[in-house]
Amino acid sequence: MLEDELGVILFERRKNKLSFTETGHQTVKLTKKFLKQKQKFLDNVQHFALKENTIFGGVNAPGAIFELESHIKEKGLEQHIKIEQKTNDELEKALDDENVHFIVTDYPIKKEHILSMGLFMEQLYLSVPLTHPYATRKEIKLAELANLTMLLRSDLGIWQPLVNQLTQTKFIVQKDWAAFVDLVNASALPTFSTNITQQNTEESTVNSQRIQIPISDKEATKTFYISVLKKNKAILQELVKTK
């Protein structure tokens, strides 16, 4: 039927054998390309349709999701918020291309058409059981984590480079966050937490059974900024307290 519609020969027919002609192979390639373009077209249409009732955002660290969800809950917003975690480069491009309404990065974006403001500060902690040798410490340095075996969440975003520097620390990585909380609750192994994740209700039981020791290294503290296009300044008023 496709040969008749296109008016070309797509198959080479031999006894007990059917194979593509060169035109047939090219048609397959073009068809695959067309189907990808079609799906992209449908995704874009659906995305822009959703933007009428949904605020799209991007963040570079999981803590930003917790913090924004807290802001949204406090403000009682009825509009649906969809947040995805991406790299800083991906976030800036998405904002410039107007594929998201806002982004959260660990630095302000200094561009004429973008408005950035401080959103929150995140401090990294070492979380240990009450009986751990470090439990009495008031603070600790990253270098002191060498030779420890620690539980770790995956998808750490902007915090991942810091973890990658700890080459003498062994990490047991858990991708599912709910499973990670259960694992920490049942384990004597240390893990990381932050002032933001400590406020997360999923971890409230874990926090009551552990000591949270602040990590004193400069790179263990980050300030995060929310950025929008200036024409979308009203979105800041929806998400955070602004004057």
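Our structure is the block above this text.
Note that the structure is predicted; figures quoted are calculated from it, not measured.

So, how was this worked out
Residues numbered from 1 in each chain as written. Predicted model: local features only at pLDDT ≥ 70, side-chain atom pairs only at ≥ 80, totals over all residues. Heavy atoms only, no water. Helix = DSSP H or I, 4+ residues; strand = E, 2+ residues; numbered from the N terminus. Contact = heavy atoms within 4.5 Å. Phe/Tyr/Trp six-rings, centres within 6.5 Å; stacked < 30°, edge-to-face > 60°. Buried < 20%, exposed > 50% of the residue type's maximum accessible area, 1.4 Å probe, protein only. Lys NZ or Arg CZ within 6 Å of the ring centre and 35° of its normal. Pairing = 2+ DSSP bridges. Arc of directions from axis to C-beta. Salt bridge = Lys/Arg side-chain N within 4 Å of Asp/Glu carboxyl O.

Draft legend 1. Region of the structure containing the environment of Ser-154. Within the secondary structure, Ser-154 is located in the loop between β7 (149–153) and α5 (160–164). On a C-alpha basis, the gap between Ser-154 and Ile-235 in space is 30 Å, while along the polypeptide they are 81 residues apart. For Ser-154, the contacting residues outside a window of four places in its chain are Val-173, Gln-174, Lys-175 and Trp-177.

Draft legend 2. Molecular detail of the packing of aromatic side chains. What the rule picks out here adds up to four aromatic pairs. A ring pair is formed by Phe-11 and Phe-20, whose centres lie 5.3 Å apart and whose planes are at 25°; its orientation type is stacked. Since its relative accessible area comes to 28%, Phe-11 is described here as partly exposed. Assessed through its relative accessible area of 36%, Phe-20 is described here as partly exposed. Positioned above the aromatic ring of Trp-177 is the side chain of Arg-153, whose terminal nitrogen or guanidinium carbon lies 4.3 Å from the ring centre.

Draft legend 3. Seen up close, the pairing of strand β11 (residues 221–229). The sheet contact formed by strand β5 (residues 102–105) and β11 spans three bridges and is antiparallel. In the strand pairing of β11, Thr-105 is matched with Tyr-225. As paired elements, strand β6 (residues 114–129) and β11 share nine bridges and run antiparallel to each other. Each bridged residue has a counterpart across the sheet, and for Met-121 the counterpart in β11 is Thr-223.

Draft legend 4. The arrangement of helix α4 (residues 88–96) in detail. Listing the buried residues of α4 in full gives Asn-88, Leu-91, Glu-92, Ala-94 and Leu-95. The buried side chains of α4 occupy one side of the element, clustering within an arc of 160° when seen end-on. Summarising the geometry of α4, the exposed residues directed more than 90 degrees from the buried face are Asp-89 and Lys-93. Lining the buried residues of α4 we find β3 (54–59), β5, β6 and β11. One or two steps after α4, the chain reaches Glu-98, where phi turns positive at roughly 60°.

Draft legend 5. Quick look at the pattern of salt bridges. Using the criterion set out here, one finds nine salt bridges in the structure. Glu-12 is the partner of Arg-14 in a salt bridge, and the nearest nitrogen-oxygen pair spans 2.7 Å. Accessibility expressed as a relative area gives 33% for Glu-12, which makes it partly exposed. In this structure, the salt-bridge partner of Lys-111 is Glu-92, at a minimum N-O distance of 3.2 Å. Residue Lys-111 is found in the loop between β5 and β6, and its partner Glu-92 is found in helix α4; the two are separated by 19 residues along the sequence. By sharing partners, the salt bridges in this structure join Glu-92, Asp-96 and Lys-111 into a single network.

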